[in-house]
Amino acid sequence: MLLLRRFTRGFVKQIAVLLGLIAGTLIAIPFGVTDFAPVTKAAVVGFPTPFHFGAPQFHIAAILSMCVVMVVSMTESTADMLALGEIVERPADERTIAAGLRADTLGSALSPVFNGFMCSAFAQNIGLVAMTRIRSRFVVAAGGGFLVLMGLCPMAASLIAVVPRPVLGGAGVVLFGSVAASGIQTLVRAGLERDNNVLIVAVSLAVGIIPITAPDFYHAFPDTAKIVLDSGISTGCVAAVLLNLVFNHLGRDRDAADVTHPMESGEELAPVH
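As the structure is a computational prediction, the values presented were derived from the model and not from experiment. (Residues numbered from 1 in each chain as written. Predicted model: local features only at pLDDT ≥ 70, side-chain atom pairs only at ≥ 80, totals over all residues. Heavy atoms only, no water.)

**Some points on the overall build of the chain**
Consideration 1: The secondary structure content of the chain amounts to 14 helices and 0 strands.
Consideration 2: When the elements of the chain are put in sequence order from the N terminus, they spell out α-α-α-α-α-α-α-α-α-α-α-α-α-α.
Consideration 3: Its C-alpha atoms give the chain a radius of gyration of 23 Å, more than 25% over the compact-globule value 19 Å for 273 residues.
Consideration 4: Principal-axis analysis of the C-alpha atoms places the extent of the chain at approximately 80 × 55 × 35 Å.
Consideration 5: Considering the chain as a whole, with its 273 residues, one finds that 24% of them fall into the buried category.
Consideration 6: Put simply, of all contacts in the chain between residues at least 6 apart along the chain, 71% involve residues at least 24 apart.
Consideration 7: Roughly 19100 Å² of accessible area belongs to the chain as shown, and the carbon and sulfur atoms make up 70% of that amount.
Consideration 8: The average position of the 17 basic charges and that of the 19 acidic charges among the side chains of the chain differ by 13 Å. (Helix = DSSP H or I, 4+ residues; strand = E, 2+ residues; numbered from the N terminus. Rg over C-alpha atoms; globule rule 2.2 N^0.38 Å. Buried < 20%, exposed > 50% of the residue type's maximum accessible area, 1.4 Å probe, protein only. Contact = heavy atoms within 4.5 Å. Areas by Shrake-Rupley, 256 points an atom, 1.4 Å probe, with all protein chains shown as cover. Lys, Arg positive; Asp, Glu negative; His and termini not counted. Charge placed at Lys NZ, Arg CZ, Asp CG, Glu CD.)

Written as structure tokens, this is what we have:
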């Protein structure tokens, strides 16, 4: 992928990720880590059976658990929308985020009818936009239509499943790194010249990394609480919001009060040479 991005131009450069996945899969064949058997057994055309696993059942415990899961999912979707807004130079406002979350929840309501999972945003797609610089919504809509057609072709799904996990991991290094880079760009504009904001970022990042570096850290908590706590995105987000309220909104901000802008004090700014 890196070689294609560096030494090619035009269309080939734009599809470097796809070509990288294909090349990685081909290289993996001699090592015996690919299995094409499911492709030969899959049908060319197939339609999902609504409620294949039975009629819907409603239990209060399961409903509450799914509500918590949806909060986690919406937190991740919000973060992805904010990152995407930075990449396309169109910051996501409250209206955009609300519309995106409504689309996610509508998809999550319809997905179980066809035996699917709840909708969740994938940061890989954000990284793909950052790499290709393709920002057209029509391209996204066309891609969605193409995915619907592929969903009606079990053979195509089996072919995609052939891609080995190490190959996907290689692509993920670039794609997730792009998302991290866009997050750094956002933090640069977060007023890090103030000590309080640096502290908020530091603690939030540390709290968000805990579920990854120490998966059993929250083992003593109830299962319902662990749904949120085991997600670094959720814990980091909660920590950032609470710390921001404590340091920057609740009570008087002493740091801000102690700093006087030159224009407010009646002083004239020195000319810049």
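**Focus: a nonpolar patch on the surface**
Consideration 1: Taken together, the side chains of Leu-18, Ile-22, Leu-26, Ile-29, Phe-36 and Leu-159 present a nonpolar region at the surface, about 550 Å² in accessible area.
Consideration 2: It is helix H3 (residues 16–28) that provides the largest number of residues to the nonpolar patch, a total of 3 residues.
Consideration 3: Within the secondary structure layout, Phe-36 lies in the loop between H3 and helix H4 (37–41).
Consideration 4: Among the residues examined, Phe-36 registers a relative accessible area of 36% and is labelled partly exposed. (Patch = residues over 30% accessible without salt bridge, like charges linked within 9 Å, V, L, I, M, F, W, Y side chains within 5 Å. Salt bridge = Lys/Arg side-chain N within 4 Å of Asp/Glu carboxyl O.)

**Examining the pattern of salt bridges**
Consideration 1: Counted according to the given criterion, the structure contains 1 salt bridge.
Consideration 2: A salt bridge links Asp-223 to Lys-226, with the shortest nitrogen-to-oxygen separation between them at 3.5 Å. Of this pair, Asp-223 and Lys-226 both sit in helix H12 (residues 223–229), 3 residues apart, which is roughly one turn of that helix.
Consideration 3: When its relative accessible area of 59% is taken as the criterion, Asp-223 is described as exposed.

**A word on the nonpolar core**
Consideration 1: Counting 7 residues, the largest nonpolar core is built from Ala-83, Ile-87, Ala-123, Ile-126, Val-129, Ala-130 and Val-179.
Consideration 2: Only helix H5 (60–87) and helix H7 (123–132) provide two or more residues apiece to this core.
Consideration 3: The element best represented in this core is H7, accounting for 4 residues.
Consideration 4: Those residues within four positions of Ala-123 in sequence are excluded, and the remaining contacts are Asp-80, Phe-176 and Val-179. (Core = buried A, V, L, I, M, F, W, Y, C linked by side-chain atoms within 4.5 Å.)

**Notes on the side chain of Thr-235**
Consideration 1: Considering the arrangement of structural elements, one finds Thr-235 in helix H13 (residues 232–248).
Consideration 2: Judged by its relative accessible area of 6%, Thr-235 falls in the buried class.
Consideration 3: Dropping the residues within four chain positions of it, Thr-235 is found in contact with Val-207, Gly-208, Pro-211, Tyr-218, Val-228 and Leu-229.

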